[in-house]
Amino acid sequence: GDPAIRSKLYMAAVVARTWNPDINFQFERLTNQGKTKMQAIGAAMRKLVQICFGVLKHQSEYRPQLSN
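Residues numbered from 1 in each chain as written. Predicted model: local features only at pLDDT ≥ 70, side-chain atom pairs only at ≥ 80, totals over all residues. Heavy atoms only, no water.

## Examining the packing of helix H1 (residues 3–19) against helix H2 (residues 21–32)
- At their nearest, the axes of H1 and H2 sit 6 Å apart, and the two run at 100 degrees to each other. In terms of orientation, H1 lies roughly perpendicular with respect to H2. Contacts from Ala16, Arg17 and Trp19 in H1 reach Pro21, Ile23, Asn24, Phe27 and Glu28 in H2.
- Considered class by class, the residues forming the contact of H1 with H2 number 5 nonpolar, 1 polar and 2 charged. (Axes fitted to C-alpha atoms, helices over the stretch in contact; angles between N-to-C directions. Helix = DSSP H or I, 4+ residues; strand = E, 2+ residues; numbered from the N terminus. Parallel < 35°, antiparallel > 145°, perpendicular 65-115°, else oblique. Contact = heavy atoms within 4.5 Å. Nonpolar A, V, L, I, M, F, W, Y, C, P; charged D, E, K, R; others polar.)

The structure is reproduced here in structure tokens:
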């Protein structure tokens, strides 16, 4: 993919790991399963794209699946 978009998604995924409970849970689950941190960040990048697509498709506010 486009390096400019990838770099923006990377930084968004790093920040989302701190503030988004769904992405943090996914990151922790993947690293506990033996995935590298970069693999887990890559999965977080994909999840962010899926979240964005869902919000745009359904024209609704994002609601995390997990509750703190």
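There is more to say, and it comes next.
## Points about the packing of H2 against helix H3 (residues 37–58)
- Running from amino to carboxyl end, H2 crosses H3 at an angle of 150 degrees, the nearest separation of the two axes being 9 Å. One element, H2, and the other, H3, form an angle in the roughly antiparallel class. Crossing of H2 against H3: the hand is right-handed. Here H2 contributes Asp22, Ile23, Gln26, Phe27, Leu30 and Thr31 to the contact with H3, which in turn contributes Lys37, Ala40, Ile41, Ala43, Ala44, Lys47, Leu48 and Ile51.
- When the residues that make up the contact of H2 with H3 are grouped by side-chain class, the tally is 9 nonpolar, 2 polar and 3 charged. (Left-handed = near helix turned anticlockwise from the far one by under 90°.)

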